[in-house]
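Examination of the molecular architecture
One-letter residues, chain by chain:
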Amino acid sequence: MRRRPLPIARRCRASTTPSGRSLCPAVSMVAPPPPCCARPAASRARPAAPPPPGSAACCSPPPSSTTGRRTSGTSTPRCWPTRCTATAPSAAPGRAASARVSVGPPGAAAPRGSPGARRAPRPQARPEPRRAGPHPGLSAVSGTDEHGLKVQQAAAAAGTSPPELCERVSGLFRRALRQAAVSFTDFTRTSEPRHRRAVGRFWGALRDGGALYKGSYEGWYCTAEECFLPESQLAERRDAQGRPCKVSLETGHQVHWTKEENYMFRLSAFRDPLRNWLQDNPRAICPDPFYQRVLRWLEEDLPDLSVSRERSRLQWGIPVPSDPTQTIYVWVDALVNYLSVVGYPETHGEWWPAAHHVVGKDILKFHAVYWPALLMAAGLAPPERIFVHSHWTVRGQKMSKSLGNVVDPFACIGQYTVDGFRYFLLRQGVPERDCDYYDEKVVKLVNSELADALGGLLNRSTALSINPSNTYPCFSESCFPKILDHRGTKAMGRASAEDYELVASVASLPLQVASYFESFQIYKALECVALCVRQTNSFFQRHRPWKLDRQDPAEKLWLDTIIHVTLECLRVYGTLLQPVIPHTADKLLSRLAVKPEERGLSNLMFLPRYSGKPCPFEGRQLGPDTGVLFHRLEKLRQHQIETREL
């Protein structure tokens, strides 16, 4: 059973496709295992184009491949899907103070073809764009994909039933989300009746559109990865009993020769529609390296896809409608959860296609090639955006149970706190490449940026020795006069050129952070915040307010202005960091007496007095002193880090 990718969706009218900017996505907290998705050696010939609707050939399978293994006179399936675990990201908003991620498929045309029709699919190369409606809200969905041979075998090995096993494991995922402070509006499970019903209807849409046919296949099948593998992705090894066997080069999982008859999806017919979709929507897959990767895939052979398994071998899954001998392939089953959670086939039009999927790079092909093609075949548009992230390694090595270096998120949350662990992952996680994790790295970063830089700044600027009245002091325009362009500006009043650079940096920070969030570059957003925090510390240190005489009226004006500017900077940082470190940000903003209704991004204005506007915080009593903002993490004991030595 795997964790489901967490997409972002905006609600839209049934007759519209939203075109507004996306809210910022979430980044995953724990990396899934690497993928395995390769073309089977059993078929290498390009599939024939599908026959035109109404032709005599439209109901029959395509000609047999000359290089594939033929059985029973039917064509060899040219497919090899895999199944991997998707990660659970933490929420990170763009427009609201704490927007949530969501899974949402909205809207949809009715399936092409009437019930019982048998014709070749007519892929929609460019789904008709629809205008955006209002933006009433977001939906945040997570859940578990629970079907498949791997789950069936794990339950048998544990001496329990698949439903009982899934109930227990699903509960563990929910617990992990709660402990990591990740909220959601729905937690879906593919074993639920609503999902089974949606999968049956989706299969019917594929069948009625002529996108399915019966075929036979034999090849090396990896149960752990739920896919067929070609010889080029296999290696010779010995099993626990010393017997020779074949394993996946990527994961080391053993494979077995399998021969079966199943249903095939005419994926080969959708190469041009997929290319057109991506060319018309260059931001559909983000970041760009993954977009380019998908385009390269579409330049290669795109064989048809096996979308069912023999039920005699796989009972734990959704049966193929009208064919009790077959079980729907687990990836087709799992992907339809994006539709079932928003009411497919009745009410999904309020959401689809305003869905933003957040997925690991190992399952990119399933989400960026197979899923859009399946949607097109069912008469639906592809999702609006697909955000892709890479994985975490541990001291340069892939996480592996055999190596004993798997990182336990529960232990990390206990060691580093929820906010500390979230901050590290989002600050260091780069979507385009794998990132390395080790304990000392977490301690160094979190201590430096949260405990020392941010916490120290709040502590110094609110100390009673500096601010005995414990208020948000007044800003003096004579000490810090407004200028039109800070570049090349000399000191004016009591402010230096560096001070004007600070004001310009913090003033531009909210839009900068929102832009990086929306482009899935959350680490860059946090880099910008960290840089501004350092600038603010330099500003405070440079002017040494503790040396100023509060009894001198002129000195008092400048002292209050220094504190006012510093608190304004902290207010901006606390507001922007709410999606990342919610508890710490709340503590900071409460200390500054920022009310809950004043913590949104939509009306965030930095240093209004500098622009001659009133400041609602000026003169306000600060909130209660709750002590250290973020406690420094102590050096780890040897027994807590011994796993990294393996």
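**Some points on the overall build of the protein**
In terms of helices and strands, the protein carries 15 helices and 21 strands. Taking all 646 residues of the protein together, the buried fraction comes to 58%. Looking at the protein alone, contacts between residues at least 24 apart form 79% of all its contacts between residues at least 6 apart.

**Digging into the sheet that holds strand β15 (residues 319–320)**
Sheet strands line up and pair through hydrogen bonds in the backbone, either parallel or antiparallel. If you walk across this open sheet you meet the 3 strands as β14-β16-β15, and the pairing is antiparallel. Each edge of the sheet is formed by a strand with only one pairing partner; in this case those strands are β14 (308–310) and β15.

**A short note on the packing of aromatic side chains**
Each aromatic ring pair is described using two quantities: the centre-to-centre distance and the angle formed by the ring planes. Applying the stated criterion across every chain, the model contains 20 aromatic pairs. Ring plane angle 65° and centroid distance 6.2 Å describe the contact between F202 and Y344, whose orientation is recorded as edge-to-face. Here Y344 lies in the loop between α7 (337–340) and β17 (355–360) and F202 lies in helix α3 (residues 193–208), a separation of 142 residues in the sequence. The aromatic ring of F187 is capped on one face by R174, whose charged end is 4.5 Å from the ring centroid. Lying over the aromatic face of Y221, R313 brings its terminal NZ or CZ to 5.0 Å of the ring centre.

**Structural notes on helix α12 (residues 497–518)**
Between the first and last C-alpha of α12 there are 32 Å, a value that for 22 residues agrees with the 32 Å anticipated at 1.5 Å per step. Along α12, the largest kink reaches about 45° and is centred on L509; proline P510 follows within four residues of it. Listed in full, the buried residues belonging to α12 are D499, Y500, L502, V503, V506, L509, P510, V513, A514, F517 and E518. Remark: F520 follows α12 within two positions and exhibits a positive phi of approximately 65°.

**Regarding the pattern of salt bridges**
Counted by the stated rule, this structure contains 30 salt bridges. D323 serves as the salt-bridge partner of K214, at 3.5 Å between the closest nitrogen and oxygen. Here K214 is found in strand β7 (residues 212–222), whereas its partner D323 is found in strand β16 (residues 323–328), with 109 residues between them in sequence. Take K214: its relative accessible area is 28%, and that puts it in the partly exposed class. Accessibility expressed as a relative area gives 9% for D323, which makes it buried.

**Observations concerning unusual backbone geometry**
Backbone phi values are negative for most residues with the exception of glycine, while trans is the configuration of most peptide bonds. Following Y344, the chain continues into P345 via a peptide bond in cis, with omega recorded as 10°. Along the polypeptide, P345 turns up in the loop between α7 and β17. Cis geometry marks the peptide bond from W352 to P353; its omega dihedral reads 10°. Examined against the element boundaries, P353 turns out to sit in the loop between α7 and β17. One non-glycine residue, A181, lies in the positive phi region at around 60°. Turning to its location among the elements, A181 is positioned in the loop between α2 (162–179) and β6 (186–189). Phi is positive for R395, which is not a glycine, with a value near 50°.

Calculation notes
- Residues numbered from 1 in each chain as written.
- Predicted model: local features only at pLDDT ≥ 70, side-chain atom pairs only at ≥ 80, totals over all residues.
- Heavy atoms only, no water.
- Helix = DSSP H or I, 4+ residues; strand = E, 2+ residues; numbered from the N terminus.
- Buried < 20%, exposed > 50% of the residue type's maximum accessible area, 1.4 Å probe, protein only.
- Contact = heavy atoms within 4.5 Å.
- Pairing = 2+ DSSP bridges.
- Phe/Tyr/Trp six-rings, centres within 6.5 Å; stacked < 30°, edge-to-face > 60°.
- Lys NZ or Arg CZ within 6 Å of the ring centre and 35° of its normal.
- Expected span 1.5 Å × (residues − 1).
- Bend = angle between axes of the 7 residues up to and from the residue.
- Salt bridge = Lys/Arg side-chain N within 4 Å of Asp/Glu carboxyl O.

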